[in-house]
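Chain by chain, the residues run as shown.
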Amino acid sequence: MSDREHLREIDQVLNGRASGRDAVVAQSWRRCVEQYGLDPAKPSPAHIVEASRLREHREQSERLIAIARSGLQALFRQIAGQNYVLLLADAKGVTVDFFGDPRFEDELRRAGLYLGSDWSEDLAGTCGVGSCITTREAVTIHQTDHFDMTHTPLSCTAAPIFDTVGELTAVLDISLLRSPQPKISQTLALNLVKTSARRVEMANLMAMHRGEWVLRFSSSPELLDVDPDAAVALDGSGRIIGMTRGAGEALSRQGGPVLGAPIEQFFELGIDNLPDLMRGVPTEDRVIGLRDGQAAFGHAIAPQRPRKARALPDSGLPAALRSLAGSDPAMSVLLDRAARLAPTRLPLLIRGETGTGKDRLARAIHDCDVRPRPFMAVNCIGAPGFDTLPEGGTLFLDNLHDLDPEGQARLLCLLDRIAACPARQRPRIIAAASADPGVAVQAGRFRQDLFFRIATAILDVPPLRRRTDFDWLLDRVLRMAAHHRPGSFRLSPAARAELKSRDWPGNLRELAGVLEAALVQAEGSVIDLPDLPAPALAPAACGPQPCGAGKEIAAGAPPPLADVLEACNGNMSLAARRLGVNRSTVLRRARRAGLRPA
Ligand SMILES: Nc1ncnc2c1ncn2[C@@H]1O[C@H](COP(=O)(O)OP(=O)(O)OP(=O)(O)O)[C@@H](O)[C@H]1O
């Protein structure tokens, strides 16, 4: 359809003459002209809000973004390779989260299929997000359904997401830059987006009402426990205090408001019957009658006990060691051993990947002795002289694995000298190694006699990716990184989730660096996803170009991993987001494909 034909058709609709357009489109065209004063003859480019406004919109939606993310990732996986873009817009129409193919990033940005684009109907005219917000219904706005000629190449399908009290809270949109001509080609997209919106509403209800009974229900038993149609949350007296949109629709058909009404008003059951509908009872036996004569299958979920802020048990650890870990079982065992070994003067070997806190642990063991004694650190890279010795106290041998043969011989002499000292003056030896000297012994690179004189007791510090007290550490390292800044800082749920998904080859040192850098980027008191720097292991050859700049647009098959990585300048997290998988999956696939150095 030419631009002129498009204008003529809008004119025809405005004059009340019939056109083949869906009613929802024709009504939106009327609003565009009559309410918003838009002129179809004056196309305007995509509206992208400023970074500070985007940040505000994201902050206001941060809970929903975090809840919706896994659903969006699952949806993006389903549509990967078909050139769809996924947008999550807030109730005002501003895109607060985005999944798309980085190869098309420039084009997507220009088309407004990008973070920060404002798709409200009064600004952008008839469009998926805007028309969905206005009608509160799922819509497909296909090609020339768009009012503004800038957007007529696009096909946009959007579904509303409602909060637990029935307010529109966001819109999920799935769009194509180019699509087949018939609008019916987007039927599958419409179903996908509706299903995903329903799942996000369900996840939101479950998260909001952990402390209450939730009754989920479905018309068929098969998917009841995994993907139910609808759900309500109930207070202790059985009143409905939250609902998904599906529940609101199904129950309001029986008349009267749903929120605040007792469950008996809609179902032939009361709150005392809910335990009979819990998992464990066969699904087919969980039939519940509705007051209007229909039947459904029910699944009741009992209130979860409020999670008490777990006061750390009095571990009996010396204060110096207590601050090194939260509630990680491996660290508890390690610190308990360290506490027992601390008062002995036995030589210790601390092993662990770089940045795991070996130096910190050595100092903490030293500090368990409250008497002021010297702590002397010697870096073993190459062949240090070992000329001076601390009197008593601790001699910390860092990077023991890097000691060359000459250094090893010198260290042996030093140990002999120490053994000859009066007991009071002998320093305690603590060594640290990020590569196992035991392996070097087997390979003939490290003297066995030296190894056994130092490794009397071995303490293995776990890497950050295995620590179950990650959240505790994150908050602690953030507090430490921010201590010289005024005010307090916190991480948005999405940023926290991203940090948790990383592998942290540089462990706590890398984490501290990432948080320092994020603090510099953060404009307010919340560190959000865009504030986080890329993982340090990404190739250093990142140019200033945006992802995909200068790349040819290809269509068809899913982008090979190498292409996505290249388009993302090697940024694993970005690539993971684009592909809708988590970062460790990208890392694993990349390693398997030999795409990065081991
Ligand atoms: N428990 C902790 N809480 C907060 N920060 C920590 C903790 N442990 C270590 N760090 C920080 O992590 C960084 C690395 O710690 P440390 O030097 O002790 O690691 P390492 O294992 O000795 O590293 P390398 O093997 O590279 O010498 C330091 O900046 C330290 O401040």
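The following refers to the structure shown. Going along each chain's sequence as written, the residues are numbered from 1 onward. Totals for whole chains, interfaces and linings use all residues, but because this is a predicted model, local features are given only for residues with pLDDT of at least 70 and pairs of side-chain atoms are given and counted only at 80 or more.

### Observations regarding the overall build of the protein chain
In plain terms, the rule: Helical segments are the DSSP runs of H or I of at least four residues, strand segments are the runs of E of at least two, and each set is numbered from the N terminus. Two residues qualify as being in contact provided that their C-beta atoms, derived from the backbone, are within 7 Å of each other.
Each helix and strand counted, the protein chain has 21 helices and 17 strands in total. The contacts of the protein chain with a sequence gap of at least 6 include a subset with a gap of at least 24, amounting to 63%.

### Comments concerning the environment of Glu50
Position of Glu50 relative to the elements: it lies in the loop between α2 (23-34) and α3 (51-60). C-alpha of Glu50 to C-alpha of Ser117: the two residues are 67 residues apart in sequence and 9.4 Å apart in space.

### As for the site of the ligand
What counts here: Each residue gets a C-beta atom placed from its backbone. Should that atom fall within 6 Å of a molecule or strand, the residue is termed near it. Three classes are used: nonpolar for Ala, Val, Leu, Ile, Met, Phe, Trp, Tyr, Cys and Pro, charged for Asp, Glu, Lys and Arg, and polar for all others, with Gly counted as polar. Note: domain ranges come from an automatic or database domain assignment.
Close to the ligand lie 18 residues; Thr354, Gly357, Lys358, Asp359 and Leu508 are nearest. Elements that contribute at least two residues to the shell around the ligand include exactly α12 (358-367), α16 (470-482) and α18 (507-521). Here the shell around the ligand is composed, by residue class, of six nonpolar, six polar and six charged. Shared between two domains, the shell around the ligand holds at least three residues of each, these being domain 3 (329-461) and domain 4 (476-592).

### Some points on the packing of helix α1 (residues 3-14) against α2
For any two helices packed against each other, one specifies the inter-axial angle together with the distance between the axes. Definition in use: The axes are straight lines fitted to the C-alpha atoms, using for helices just the contacting stretch, and the angles between their N-to-C directions are given from 0 to 180°. Small angles under 35 degrees read as roughly parallel and large ones over 145 as roughly antiparallel, with 65 to 115 read as roughly perpendicular and the rest as oblique.
For the pair α1 and α2, the least separation of the axes is 10 Å and the interaxial angle reads 90°. Taken together, α1 and α2 sit at an angle that is classed as roughly perpendicular. From α1, Ile10, Val13 and Leu14 reach across to α2, where they touch Ala26, Trp29, Arg30 and Val33. Of the residues belonging to the contact of α1 with α2, the class tally is six nonpolar, no polar and one charged.

### Looking at the sheet that holds strand β6 (residues 213-218)
What counts is decided by this rule: Whether two strands pair comes down to DSSP finding at least two bridges between them.
Ordered by their spatial adjacency, five strands build an open sheet running β8-β7-β6-β10-β9, and the pairing between neighbours is antiparallel. Among the strands making up the open sheet, the edge pair consists of β8 (240-243) and β9 (287-289). Within the sheet, the average angular offset between the axes of one strand and its neighbour, ignoring direction, is 35°. By the bridge criterion, three bridges tie β9 to strand β10 (residues 295-301) in an arrangement that is antiparallel. The partner of Ile288 across the bridge, within β10, is Ala296. Strand contacts of helix α9 (residues 245-252): β7 (230-234) and β8, with the helix running at about 90° to β7, the strand carrying the most contacts.

### What about the pairing of β10?
Cut-off, in case you're wondering: Residues are called buried when their C-beta atom has 20 or more other C-beta atoms within 10 Å, exposed when it has 12 or fewer, and partly exposed otherwise; all C-beta atoms are positioned from the backbone.
Buried residues dominate β10, accounting for five of its seven residues. By the bridge criterion, five bridges tie β6 to β10 in an arrangement that is antiparallel. Residue pairing across strands places Ser218 opposite Phe297, the latter belonging to β10. Between the antiparallel neighbours β9 and β10 lie five residues, among them Gly293 with a positive phi of about 95°.

### Quick look at the nonpolar core
The condition is simple: In these notes, a nonpolar core means any group of buried Ala, Val, Leu, Ile, Met, Phe, Trp, Tyr and Cys residues linked to one another through C-beta atoms within 7 Å.
In terms of nonpolar packing, the biggest core is built from 73 residues, with Leu86, Leu88, Ala89, Val129, Ala158, Val171 and Leu172 touching the most fellow members. Considering each element in turn, this core owes the most residues, eight residues, to helix α4 (residues 62-79).

### Digging into the sheet that holds strand β5 (residues 168-176)
In a beta sheet, neighbouring strands are held together by backbone hydrogen bonds and run either parallel or antiparallel to one another. Spatial strand order, β2-β1-β5-β4-β3: five strands in an open sheet with antiparallel pairing. Each edge of the open sheet carries a strand with a single partner, namely β2 (95-99) and β3 (139-142). Strand-to-strand twist across the sheet, computed as the mean angle between neighbouring axes with direction ignored, equals 20°. Where strand β1 (residues 84-90) lies against β2, four bridges are found, and the strand directions are antiparallel. Residue pairing across strands places Leu87 opposite Phe98, the latter belonging to β2.

### A short note on the environment of Leu38
Turning to its location among the elements, Leu38 is positioned in the loop between α2 and α3. As a C-alpha pair, Leu38 and Gly125 span 87 residues in sequence and 7.3 Å in three-dimensional space. Beyond its immediate stretch of four places on either side in the chain, Leu38 contacts Cys32, Val33, Gly125 and Phe147.

### Points about the pairing of β6
For β6, a buried count of six out of six residues is recorded, marking the element as mostly surrounded by other parts of the structure. Alternating residues of β6 divide into Trp213, Leu215 and Phe217 and Val214, Arg216 and Ser218, and every residue in both groups is buried. Here β6 pairs with β7 via five bridges, running antiparallel. When the bridges of β7 are listed, Val214 appears paired with Ala233.

### Here's the deal with unusual backbone geometry
Here Gln143, not a glycine, exhibits a phi torsion of approximately 45°, which is positive. Examined against the element boundaries, Gln143 turns out to sit in the loop between β3 and β4 (155-162). Gln143 sits in the buried class, given 21 other C-beta atoms within 10 Å. Residues other than glycine seldom take positive phi values, yet Asn399 does so here, at roughly 55°. Looking at the secondary structure, you find Asn399 in the loop between β13 (394-398) and α13 (405-420).

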